[in-house]
Each structure stands twice: as structure tokens, then as C-alpha cells.
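Report on the structure
Residue strings, one per chain:
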Amino acid sequence: MAKARQVAGGGRAVEVPPERLAGWFARFAASHGGIAATDVTPLEVRVTAADGTTATATVPFGPLGDLSVDGLVAHAAKPRRIALVLVRRGGHSVGIARDGRIEVSRTDRHLVQGRSAAGGWSQQRFARRRAGQARHALRDAAKDAFEVLLPRLSEVDAVVLGGDRRALDELREDRRLAPLFARAEPRVLDVGEPSRAVLEDAAVRALSVQVTLRDG
């Protein structure tokens, strides 16, 4: 399970693997004096403890059919085949994973230079060169996503994105990838520079349930 991270609006988010979800809710209840209320919608499960602490689980691959905590546990545990798109300006990794294991993938990295402290014409030339490198990297990412993922899109249950949101937004502008982005989950995984190892980790994390904790 990934470490807790701070989220906008206060609170902290954790990623809970499907096989640990039932136990996680049981420990949450035991640690906070029991459960006072449970509110469930097709997209969200919120449990309020006796001490006022809330645990809000975002339903992955929704909507949820059985509107209960047990329903969420069963929903999260279903076998799934997922397309993954991880992109940063300096590289990308795309692949298909079944139950957290990569079946096919393609990864590439490119040099995109950092910002220059120089000024004047030198800085402008550097910025143009950097922008050109970034465009080239994103073109390659789009090409690999198109070749690896699009032919298999009908075989997957969902698409999970990860990496830099700005780079993903630019990739989204490629019309060839419209069917891919149309099936993307709302959640975007926070990942490091894409690599095969990062892709393998993302394949496991993509199946997890994100739970946001807020103190009472």
C-alpha cells in the first residue's frame, strides 16, 4: 500500500489493495470507536466513525452496483484487464495488464532539457529547443499508445492514466487517441519517470481503492 499523501481540502489519501480492503475498514472502525454512519452512492462510499473521523472511498471502475461496504469490497476484487498510459515530458510507458501483471508494453525515454538560467536570445533559443524536444517526446508517446493500446482497447475493462497532467492533456489532443481517453478513469496516478518498473508498479496500484481520511 502506498504511503499516505496530503490532499486538497485537508485530509490524507491512501491506496488500499483490493485484498486488504475489508480488513482496512475493520481496523478503521476498531481504531475510531466504531462506525456511526455509512453513506454510499454508486461512485463513493463514506464511513463516519464514532469520533467523527471519515473515510471516503472513491469507487474505481464504477459505478458500484451493491451500495454497501461489502459491495465495494466485492467490486474491487473483480478480475480486470487494464490499459495503462504513463507520460511525462521526458518519457512514457504504455501497456496492458491483467490482474496487476503486464502482458504487453512499450517504454521509451527522451532528452528534454531543464530550464536555462541564461537570458536574452540564448534563453529563447534554449526554450525553443526544449519545446521541440517535448513535442517529439509526446509524438512518440502518442504513436506507442496508438500502436500498443488502440488495437486492444475492446479487450480491456478500463484505462488508467498516470504521470504529468499537462503532458497527458497535450497527448489527449491527438484525435487518434480519443477512444482511449474516452474510457480513462478520473483518477490519475502520481508516478515517477516512466519505466518498465514504474509501469509494473502502476499496474498493481491501478487496482487499488483510494480512501481519503479526514479527522473529526
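Structure's up top.
What comes next concerns the included structure. (Residues numbered from 1 in each chain as written. Predicted model: local features only at pLDDT ≥ 70, side-chain atom pairs only at ≥ 80, totals over all residues. Heavy atoms only, no water.)

1. Brief notes about the nonpolar core
The biggest cluster of nonpolar side chains holds 23 residues, and the ones touching the most others in it are Val85, Val87, Leu149, Val159, Leu171, Leu177 and Leu180. Secondary-structure elements contributing two or more residues to this core are β6 (81–88), β7 (91–98), α3 (120–148), β9 (158–163), α4 (165–172) and α5 (178–182). It is α3 that provides the largest number of residues to this core, a total of 5 residues. (Core = buried A, V, L, I, M, F, W, Y, C linked by side-chain atoms within 4.5 Å. Buried < 20%, exposed > 50% of the residue type's maximum accessible area, 1.4 Å probe, protein only. Helix = DSSP H or I, 4+ residues; strand = E, 2+ residues; numbered from the N terminus.)

2. Some points on the pairing of strand β11 (residues 209–214)
Judged by how many residues are buried, β11 sits mostly within the fold: 5 of 6 residues are covered. With 4 bridges joining them, strand β5 (residues 54–58) and β11 adopt antiparallel strand pairing. Bridge pairing links Ala57 to Val211 in β11. (Pairing = 2+ DSSP bridges.)

3. Brief notes about the sheet that holds β11
Within the open sheet, the 6 strands sit side by side as β1-β2-β11-β5-β4-β3. Their pairing is antiparallel. Because the sheet does not close on itself, it has two edges, and the strands there are β1 (5–6) and β3 (35–41). Strand direction decides the pairing type here: strand β4 (residues 44–49) and β5, joined by 5 bridges, are antiparallel. Counterpart to Val47 in the pairing with β5 is Ala55. On top of the sheet, helix α2 (residues 69–76) reaches β3, β4, β5 and β11; it is set at about 135° to β4, its chief contact. (Contact = heavy atoms within 4.5 Å. Axes fitted to C-alpha atoms, helices over the stretch in contact; angles between N-to-C directions.)

4. A short note on helix α6 (residues 196–205)
The set of residues buried in α6 consists of Val198, Leu199, Ala202, Ala203 and Arg205. Angularly, the buried residues of α6 cover 165° about the axis, an arc narrow enough to put them on a single face. Buried residues in α6 make contact with β2 (12–16), β6, β7, β8 (101–109) and β10 (184–189). (Arc of directions from axis to C-beta.)

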